[in-house]
Amino acid sequence: MEVEGNPIRVQSIVQDGKMGVPPQYVQPPATRAQHNSKKISSSNDYDALTPPVIDLSNANIVIEQLGLACREWGAFHVINHGVPIRLLDDLRSVGRSFFEDCSMDQKLSYSCDANSPASEGYGSRMLVASNDTVLDWRDYFDHHTLPLSRRNPPRWPHFSPNYREVVAEYSDQMKLLAQRLLGLISESLSLPSSCIKEVVGELYQNITISYYPPCPQPELTLGLQAHSDMGAITLLIQDDVGGLEIFKDGEWIFVNPLSDAIFVILADQTEIITNGKYKSSQHRAITNASNARISVATFHDPAKTRKIHPVFKPPKYHEVMYQDYVSSWYTKGPEGKRNIDSLLLN
Ligand SMILES: O=C(O)CCC(=O)C(=O)O
Ligand SMILES: [Fe+2]
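If you look the protein up in an unreviewed UniProt entry, it shows as 2-oxoglutarate (2OG) and Fe(II)-dependent oxygenase superfamily protein from Abeliophyllum distichum. Checking UniProt for the protein, the heading Sequence similarities (unreviewed entry) contains the comment "Belongs to the iron/ascorbate-dependent oxidoreductase family."

Dropping the structure here:
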């Protein structure tokens, strides 16, 4: 969808004051949020229907709790994670400032390459797929942050004075936490702590700040359609607006925003490596009519040429070169399907 050579950003639709949602953003009835979101109706429901919160400072029980959370949820909050809370707040704040304080022209000067999936910069759709894909009610800025050879801060916004420093420091902190979590996840399966890290190899990290403008008809749209993440592990923070949901036991469950916590999402390569003992988490973002929402997802992936395989025998998944997995994901599009099932051995 392009106007005068410029891609449409969701924020500009909202700023134009349109009262309705353009047809490209209207989800088919089956994927609209209100038809299948689980509502928590009593406090008794709460623990069963909310992802666990794991205190990483509690060494005695952390492995056990982590194993349970990975097996039952594939996603969980961590607190006392060692990342300065100030840094989480700073990142949310510089991110919001880019989307809300810069003019559209300034933002568009950072546009990503619309023809190349996952290219760095300012963009507004999740994938380059077939023409009939419904668009997400979301704009984003994707940063290539690790390995250091990919990190090029001059390509990042500089309108907030400390934007680049905050993103770089956040990237380093997320890498440390991702490595620590992959170690603990290995141990929770009685594997050596280095096991999953050794299969994944050098971590390729992207940081995506998503901005979901208020939507005049939230019942018709999704901020981000249902998907699992392609890489190994995703670390996500959000603001207090909320909108992230995860799919569990046939229902969509709202993830409470906890401002000091980091939300951990197991991604597809971890499912392959653990031979399906831990499944990647399907998730999506819903929209709302009144408040713009920010989230920051930090993806940790293998190198494109890395071969990913299960570490248990007999293997339930084919070995796959990460590049091939990514290409098939972009070709088919997430569309709520589990692309990873195509790797299952019979
Ligand atoms: O905004 C969110 O909470 C979800 C973001 C997400 O899933 C992604 O960027 O892959
Ligand atoms: Fe995701």
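Draft legend 1. Representation of the coordination of the iron ion (ligand 2) in the model. Bound to the iron ion (ligand 2) on the protein side are His227 (NE2), Asp229 (OD) and His283 (NE2), at distances that span 2.1 to 2.2 Å. Here the donor residues for the iron ion (ligand 2) map to a single chain with the spacing H-x1-D-x53-H. Linking His227 in strand β8 (residues 224–227) with His283 in strand β13 (residues 283–285), this pair joins segments that are 56 residues apart in sequence. The class for His227 is buried, based on a relative accessible area of 5%.

Draft legend 2. Quick look at the sheet that holds strand β10 (residues 244–248). Strand order in the open sheet formed by four strands is β8-β13-β10-β11, and the pairing between neighbours is antiparallel. Only two strands of the sheet have a single neighbouring strand rather than two, namely β8 and β11 (251–254). Neighbour-to-neighbour, the strand axes of the sheet open up by a mean angle of 25°, direction not taken into account. Two elements, β8 and β13, share two bridges in a ladder whose sense is antiparallel. Bridging across to β13, His227 finds its partner in His283.

Draft legend 3. Seen up close, the packing of aromatic side chains. Within this structure, the stated rule accounts for ten aromatic pairs. Taken together, a centroid distance of 5.6 Å and an interplanar angle of 85° make the contact between Phe98 and Tyr122 edge-to-face. Of this pair, Phe98 sits in helix α5 (residues 85–101) while Tyr122 sits in strand β5 (residues 121–123), and the two are 24 residues apart along the sequence. Here the two residues Phe98 and Tyr122 agree in accessibility, since each one is buried. Through pairs of rings, three or more aromatic residues link up here, namely Phe98, Phe99, Tyr110, Tyr122, Phe141, Phe159 and Tyr211. It is Arg9 that lies over the ring of Tyr122; its NZ or CZ is 4.7 Å from the centre.

Draft legend 4. Spotlight on the pattern of salt bridges. Overall, the coordinates contain nine salt bridges when judged by the stated rule. The partner of Arg96 in a salt bridge is Asp239, and the shortest N-O contact between them spans 2.6 Å. Highlighted residues: Arg96 in helix α5 and Asp239 in the loop between β9 (233–238) and β10, separated in sequence by 143 residues. Taken together, the shared-partner salt bridges connect Arg86, Asp90 and Glu169 into one network.

Draft legend 5. The side chain of Asp139, seen in detail. By the secondary structure assignment, Asp139 is in strand β6 (residues 139–146). Arg9 is the oppositely charged side chain nearest to the buried, salt-bridge-free Asp139, at an N-O distance of 5.3 Å. Among the polar contacts made by the side chain of Asp139, one reaches the main-chain amide nitrogen of Val10 at a distance of 2.8 Å. In this structure, Asp139 is in contact with Arg9, Val10, Gln11, Phe99, Tyr122, Gly123, Ser124, Ile209, Ser210, Tyr211 and Pro213, ignoring residues within four places of it in sequence.

Draft legend 6. Structural detail: the site of ligand 1. By nearness alone, every residue bordering ligand 1 is listed as Arg138, Tyr212, Leu224, His227, Asp229, Leu236, Leu244, His283, Arg293, Ser295, Ala297 and Phe299. In this structure, an oxygen atom belonging to ligand 1 sits 3.0 Å away from a side-chain N or O atom of His283. Ser295 is positioned with one of its side-chain polar atoms (N or O) 2.7 Å from an oxygen atom of ligand 1. Burial of ligand 1 by the surrounding chains reaches 97%, relative to a free accessible area of 290 Å². The residue inventory of the shell around ligand 1, partitioned by class, reads six nonpolar, three polar and three charged.

Draft legend 7. Looking closely at the UniProt feature "domain: Fe2OG dioxygenase" (unreviewed entry) in the protein. Following the UniProt record, one finds the feature "domain: Fe2OG dioxygenase" (unreviewed entry) at residues 202–302. Helix makes up 6% of residues 202–302 and strand 45%, whereas the separation of the span's terminal C-alpha atoms amounts to 6 Å.

Draft legend 8. Region of the structure containing the pairing of β11. Here four bridges tie β10 to β11, and the two strands are oriented antiparallel to one another. Its bridge partner being in β11, Ile246 is matched across the sheet by Ile253. Where β10 folds back onto β11 in an antiparallel hairpin, the turn is made up of two residues, including Asp249, whose phi is positive at roughly 50°.

Draft legend 9. Region of interest: the sheet that holds strand β3 (residues 53–55). Sheet architecture is open: eight strands sit in the order β3-β4-β12-β9-β14-β7-β6-β5, paired in mixed fashion. Among the strands making up the open sheet, the edge pair consists of β3 and β5. The sheet shows a mean angle of 25° between the axes of neighbouring strands, taken without regard to direction. As paired elements, β9 and strand β12 (residues 262–266) share four bridges and run antiparallel to each other. Directly across from Leu236, in β12, lies its bridge partner Phe263. Its contacts with the sheet place helix α4 (residues 62–72) against β3, β4 (75–79) and β12, and it is angled at close to 160° to β3.

What counts, and where the lines are drawn
- Residue positions are given per chain, counted from 1 along the sequence in the order it is written.
- All chains are assigned letters beginning at A, and all ligands numbers beginning at 1, according to the order in which they are written.
- Residue-level local features of this predicted model are given only where pLDDT is at least 70; pairs of side-chain atoms are given and counted only at 80 or more, and the full residue set underlies all totals for whole chains, interfaces and linings.
- Side-chain numbers here rest on the full set of heavy atoms in the structure, without hydrogens or water.
- UniProt positions are given in the numbering used here, feature names are shortened, and annotations may be inferred rather than shown by experiment.
- Metal-coordinating donors are taken as N, O and S atoms lying within 2.8 Å of the metal, or within 3.2 Å when the metal is Na, K or Ca; because water is left out, some sites can appear incomplete.
- Strands are runs of DSSP state E lasting at least two residues, helices are runs of H or I lasting at least four, and both sets are numbered from the N terminus onward.
- The cut-offs for exposure are 20% and 50% of the maximum accessible area for each residue type, with area from a 1.4 Å probe on protein chains only; residues under the lower value are buried, those over the upper are exposed, and the others partly exposed.
- Strand pairing follows a simple DSSP-based rule, namely that at least 2 bridges must link the two strands.
- Angles run from 0 to 180 degrees between N-to-C directions of axes, and those axes are lines fitted to C-alpha atoms, restricted for helices to the stretch in contact.
- Each aromatic pair joins two rings of Phe, Tyr and Trp (for Trp, the six-membered one) with centres within 6.5 Å, and gets the label stacked for planes under 30 degrees apart, edge-to-face for over 60, and tilted for any other angle.
- Working rule: Lys NZ or Arg CZ, within 6 Å of ring centre, within 35 degrees of ring normal, means a charge sits over the ring.
- Salt-bridge detection follows one rule: a side-chain nitrogen of Lys or Arg within 4 Å of a carboxyl oxygen of Asp or Glu.
- Asp and Glu count as negative and Lys and Arg as positive, but His and the ends of the chain are not part of the count.
- Side-chain atoms alone can form a polar contact between residues adjacent in sequence; in general such a contact is a pair of N or O atoms within 3.5 Å, and within protein one must be able to donate a hydrogen while the other accepts it.
- Every residue pair with non-hydrogen atoms within 4.5 Å of one another is taken to be in contact.
- Proximity criterion: a residue is near a molecule or strand once any of its heavy atoms comes within 4 Å of it.
- Under the convention used here, a 1.4 Å probe and the Shrake-Rupley method define accessible areas, while residue burial counts only the protein chains that appear.
- Three categories are distinguished: nonpolar for Ala, Val, Leu, Ile, Met, Phe, Trp, Tyr, Cys and Pro, charged for Asp, Glu, Lys and Arg, and polar for the others, with Gly belonging to the last.

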